[in-house]
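# A look at the structure
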Amino acid sequence: MALLPMLAAAPAPGTEQKSEPFPTLGRLYRSDENPWLQEFWVLGRYHGQYHGSEGSDGEDEGWEDRRFRLGFQARMFERLSVHAQAVSGSDFEPIYNGFTELWVGWRFSDAMTLTVGQQKHRFTHDRNVSSRYLNYLERGMLTNMFGLDYTPAVTLSGTVKNWTYYTGVFSNATDRNIGREFTDLDSGYSVIASATRDLGRVWGMDTAHLNLGYLHSDTTGRPTNLARFEDGLNAA
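Quick summary incoming for the structure in this document. What you see is a predicted model; the values in this text were computed from it and never measured.

### Description of a negative patch on the surface
- On the surface, Glu 54, Glu 59, Asp 60 and Glu 61 cluster together into a negatively charged patch.
- When residues of the negative patch are assigned to their parent elements, the largest contribution, three residues, is made by strand β4 (residues 58-76).
- With respect to the element layout, Glu 54 can be found in strand β3 (residues 37-55).

### Details of the packing of aromatic side chains
- Taken as a whole and assessed by the stated rule, the structure comprises six aromatic pairs.
- Consider the rings of Phe 40 and Phe 72, whose centres lie 5.7 Å apart with planes at 15 degrees: the pair is stacked. Here Phe 40 is found in strand β3, whereas its partner Phe 72 is found in strand β4, with 32 residues between them in sequence.
- We classify Phe 72 as partly exposed; its relative accessible area is 31%.
- With a centroid separation of 6.0 Å and an interplanar angle of 50 degrees, the aromatic rings of Phe 68 and Phe 92 are classed as tilted. With Phe 68 in strand β4 and Phe 92 in the loop between β5 (80-87) and β6 (99-109), the pair connects residues that are 24 residues apart, well separated along the chain.
- One aromatic cluster is present, formed by Phe 123, Phe 146 and Phe 229 through successive ring pairs.
- Residue placement shows Arg 127 over the ring face of Tyr 150; its charged tip is 5.2 Å from the ring centre.

### Observations regarding the nonpolar core
- Membership of the largest hydrophobic core is limited to ten residues, which are Phe 123, Leu 142, Phe 146, Leu 148, Ala 153, Tyr 166, Phe 170, Ile 192, Leu 215 and Leu 226.
- Sorting the residues of this core by element identifies α2 (141-146) and β9 (163-171) as the ones contributing at least two each.
- Other than its neighbours up to four places away in sequence, Ala 153 contacts Thr 115, Val 116, Gly 117, Gln 119, Val 169 and Phe 170.

### What about the pairing of β5?
- Along β5, seven of the eight residues are buried, which leaves the element largely enclosed by surrounding structure.
- Connecting β4 to the antiparallel partner β5 that follows it, the hairpin turn spans three residues, and Phe 77 within it adopts a positive phi of roughly 55 degrees.
- The sheet contact formed by β5 and β6 spans seven bridges and is antiparallel. Residue pairing across strands places Val 82 opposite Val 104, the latter belonging to β6.

### Some thoughts on a nonpolar patch on the surface
- On the surface, Trp 36, Phe 77, Val 104, Trp 106, Phe 108, Met 112, Leu 114, Val 116, Val 154 and Leu 156 cluster together to form a nonpolar patch covering roughly 860 Å² of accessible area.
- Taken together, the elements giving at least two residues each to the nonpolar patch come down to β6, β7 (112-120) and β8 (150-160).

Calculation notes
- Residues numbered from 1 in each chain as written.
- Predicted model: local features only at pLDDT ≥ 70, side-chain atom pairs only at ≥ 80, totals over all residues.
- Heavy atoms only, no water.
- Patch = residues over 30% accessible without salt bridge, like charges linked within 9 Å, V, L, I, M, F, W, Y side chains within 5 Å.
- Areas by Shrake-Rupley, 256 points an atom, 1.4 Å probe, with all protein chains shown as cover.
- Salt bridge = Lys/Arg side-chain N within 4 Å of Asp/Glu carboxyl O.
- Lys, Arg positive; Asp, Glu negative; His and termini not counted.
- Charge placed at Lys NZ, Arg CZ, Asp CG, Glu CD.
- Helix = DSSP H or I, 4+ residues; strand = E, 2+ residues; numbered from the N terminus.
- Phe/Tyr/Trp six-rings, centres within 6.5 Å; stacked < 30°, edge-to-face > 60°.
- Buried < 20%, exposed > 50% of the residue type's maximum accessible area, 1.4 Å probe, protein only.
- Lys NZ or Arg CZ within 6 Å of the ring centre and 35° of its normal.
- Core = buried A, V, L, I, M, F, W, Y, C linked by side-chain atoms within 4.5 Å.
- Contact = heavy atoms within 4.5 Å.
- Pairing = 2+ DSSP bridges.

Such coordinate-based values are descriptive only and should not be taken to indicate function.
This is the structure:
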């Protein structure tokens, strides 16, 4: 069992911490009149870092290519979303290192969206914030301790009044080979449940949220993720 209490003004799951300076960057197509395809986006990101040090034992400097992602997202038939992002290894070794996200989602209403495929583990406040907006080079210790990343899953999410919920069943393993990733399901499973209350209006702030989350993991075989603790709670 691992428990992390934390106070923070945070966005709801699936939302970004800051507004985008270029909100339509990457959008190649949009039409509210086309019944087949409403939007098409090209997605991607690159993170790199430089280090330099000098001391009595010598000096060192270098550049590291942390990650590179490239993919797309499409909104179709008003309710269907298709999302895919491939990722490279560190310093592009290898250039293709599998997918971070590869899923389809069907929005029944604001209160319920069903998503199937490789998805992000949205457990802890830290995992609800995109890596584009992190102020540090690494994610929090709890995120690393639980082995949170991306694995195949079936999830439900939505908003009911001032509450946003997110829950699903996840595989405990991922693989560079997409075929094995979605068919070799012998690593056990994990259940994640999360609820977020919008407190912005209550406190008179632009954005403030209370997030509560629970994770249960039942591992077998050879898991690559979510295998270090059986149960976890978080509050942010």
